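# Structure assessment
Listed below are the residues making up each chain.
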Amino acid sequence: MNRISAVIFVLTTWLSFSVSQPASAQYRTDTGYSDLYDSETAASMRRHVSEIASAENLGRKAGSDGEKDAASYVFGVLRDYGVEMLCPETGDEFGITTHDGDTLTSRNVVGFVQGYDQKLRGRYIVVGARLDNLGTNSMTFDGRPVEQIYYGANGNASGLAMMMELARMVSTNSIMFRRSVIFVAFGASSETLAGSWYFVNRSFGDIEAVDAMINLDMLGTGDNGFYAYTASNNDLNAILSSMSGELQPVHPEVVSYEPYPSDHRAFYSAEIPSVYFTTGQYPQHNTPKDTYGILDYGMMERELEYIYNFTVALANTDKEIAFRDGESKVSRETPQRDDVVPYYECDVKPMFLNSPDPRQFLMKWVYPYLKYPQKAVEEGIQGTVHVNFVIDKDGKVTDVEVVKSVDPLLDAEAVKVISASPKWRPARINGQKVNSSMTLQVEFRLEKKSGGGGFGINGRRVSR
C-alpha cells in the first residue's frame, strides 16, 4: 500500500467510526462549554436551577409532589449553608381552596440568619422568592396525548437559586449584618400569591418587626435588562441611588412601573416597604420553553453581588425604612452601652491571633476547648448558641452573654470558653482604641458515627 492509499484508508476508517458514534459522544446537548468556566457561585446556581426546574418536578404546580420536592431541596441547601431553619423539612404547610372547591396543601420554606447588633437584631429584612410554577398541560399532537411541562427555569428557579446563594453569603458573613435576615421560598405563588399572604398574615408572628422585603423573581435573562421596582419608595430609592455612585458589577434600572405581579404585593398590602429585583418578562415566560438553557448564569452572578451589597446596606441602615414619605426616623431603641462600638462600624476590626475574621477565634480557640456536656450528649441536646461579648480597649473579653439560648447546659459551656479567651488586639476608630462588640454562633452538633458508638461534635468525637 502506497502513502496516498494509506492516508485514504485511515481517513475513511476514522470517518466511518465517527459517523457510527452517538451524537452525545461528540457534542454537548446542553448550553455548550460555557459552564466549564463558571465560578463556584455560578456553578452552584446552575445546579440549583437544574434540580428545581427538572422534568421530575413536573413544573412544580402548587400542591403537587414536584413543589414539595423542590421545597425539600431548598430546605436542604439552606440548612447546609448554615441558615437556621424555622420550618420542618416539608416546609410550613398551609391549605388553599381552589376555584373548583378542592383543597390543596402548599408550603413555604423559611430560614433565618441572626444579626449581630443588640438594638437591631430583633428587626428583620425578608428575602423572598417564588417556589412554584404552572405545572403541566395535556394536549393532543398527531392524535397522540402529549404532556407539556412548564419547567419554570427563569420563572422562578432563577430567583430561588439566587436567594439560596444570597443566604450562603449572608450566613458566611453574618457578623456584617446588624438586622436579622429571613429567607422564604413562597409556595402557591404563581396564581394567587397565597404563600406570601400566608407568611404575612398568618404564620410569622412578629410581622411588625419586618423593616423591609426584597423580592427575587425572574432574574436569569439579564441581557434584557436588570430592574428594581420600589413603588417609588423614597427611602429604598435613596439606598439604590447611593449605590449608583459605587463600583458595582451591574446596576439595576429603577422603574416606576411594576414589571410583573409577584410576592412583594402581600408585603405592600401590610405597608412593609419592598423592592422587587427582576430581569423582566421574556419570550419563553409561562411556556414549556422556559428551560435551563435560556439563563445567563454569569450575569446572574453579577446581579447577585449587587443584591448582596444592597442587602448589607439595607440591613445596616440606622433609619427605619418608611412606607410613606415623612415617616422615617432613627431606631426607637438605644444601645445598652454607649461606649461600645459594633464590630461592623470599627475602622480597624478587633483581631484574634492577628486575624480580623471571627472564624479564626472559633477555629483556634472556641472549638478546640469546647467540651460537650455529658448530660447534653446523653439527652441528645444540640443546636447553635448565639453569644455576644465585648472586647475592651485592653483586648480583654468582657460582658459575655447568651442572646439566643439552646439549653442551659450548652449555654453555660459556650459562655465559659469565650470568657476564658486570651487577649485580642483591640479595635480602633480614627486611630484610637475602642471597646467593640460582636455576636458569634457556637454550634453544638451530635453526629452518629459509622461503625457503632459515639457521636461527633464539630468534627471531634464525643463518647456516649
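In what follows, the structure referred to is the one given above.
This text gives an overview of the structure that appears in the document. All values derive from a computational prediction rather than experimental measurement.

Right, let's talk about the nonpolar core for a bit. One finds Val 74, Phe 277 and Phe 310 to be the most contacted residues of the largest nonpolar core, which totals 62 residues. Those residues in contact with Val 74, other than ones at most four positions away along the chain, are Ile 52, Val 109, Leu 131, Leu 160, Met 163, Met 164 and Ala 185.

On to the pairing of strand β8 (residues 210-216). Two faces belong to every sheet, and in a regular strand the side chains alternate between them. With respect to burial, β8 is a largely interior element, 7 of its 7 residues being buried. As defined by bridge partners, strand β4 (residues 124-130) adjoins β8 across 6 bridges and the pair is classed as parallel. Its bridge partner lying in β8, Val 126 is registered against Met 213. Bridge count for β8 against strand β11 (residues 274-278) is 4 bridges, and the pairing is parallel. Bridge pairing links Ile 214 to Val 275 in β11.

Before going further, it helps to spend a moment on the packing of helix α2 (residues 40-52) against helix α8 (residues 297-316). α8 packs onto α2 with a crossing angle of 110° between their chain directions and a minimal axis gap of 9 Å. As judged from the angle between their axes, α2 and α8 are roughly perpendicular. By crossing handedness, the relation of α2 to α8 is classed as right-handed. Note on element contacts: α8 touches α2 through Tyr 297, Met 300, Glu 301 and Leu 304, opposite Thr 41, Ala 42, Met 45, Arg 46 and Val 49. Residues of the contact of α2 with α8, tallied by class, amount to 6 nonpolar, 1 polar and 2 charged.

Counting across every chain of the model gives 22 aromatic pairs. Between Tyr 229 and Tyr 268, the ring centres sit 6.5 Å apart and the planes meet at 80°, which makes this aromatic pair edge-to-face. With Tyr 229 in strand β9 (residues 227-229) and Tyr 268 in helix α7 (residues 264-269), this residue pair connects regions lying 39 residues apart in the sequence. For Tyr 229, a relative accessible area of 12% gives the class buried. Seen from their ring centres, Phe 277 and Phe 310 are 5.4 Å apart, and the 80° between their planes marks the pair as edge-to-face. Here Phe 277 is found in strand β11, whereas its partner Phe 310 is found in helix α8, with 33 residues between them in sequence. By relative accessible area, Phe 277 is classed as buried at 0%.

Conventions and cut-offs
Residues numbered from 1 in each chain as written. Predicted model: local features only at pLDDT ≥ 70, side-chain atom pairs only at ≥ 80, totals over all residues. Heavy atoms only, no water. Core = buried A, V, L, I, M, F, W, Y, C linked by side-chain atoms within 4.5 Å. Buried < 20%, exposed > 50% of the residue type's maximum accessible area, 1.4 Å probe, protein only. Contact = heavy atoms within 4.5 Å. Helix = DSSP H or I, 4+ residues; strand = E, 2+ residues; numbered from the N terminus. Pairing = 2+ DSSP bridges. Axes fitted to C-alpha atoms, helices over the stretch in contact; angles between N-to-C directions. Parallel < 35°, antiparallel > 145°, perpendicular 65-115°, else oblique. Left-handed = near helix turned anticlockwise from the far one by under 90°. Nonpolar A, V, L, I, M, F, W, Y, C, P; charged D, E, K, R; others polar. Phe/Tyr/Trp six-rings, centres within 6.5 Å; stacked < 30°, edge-to-face > 60°.

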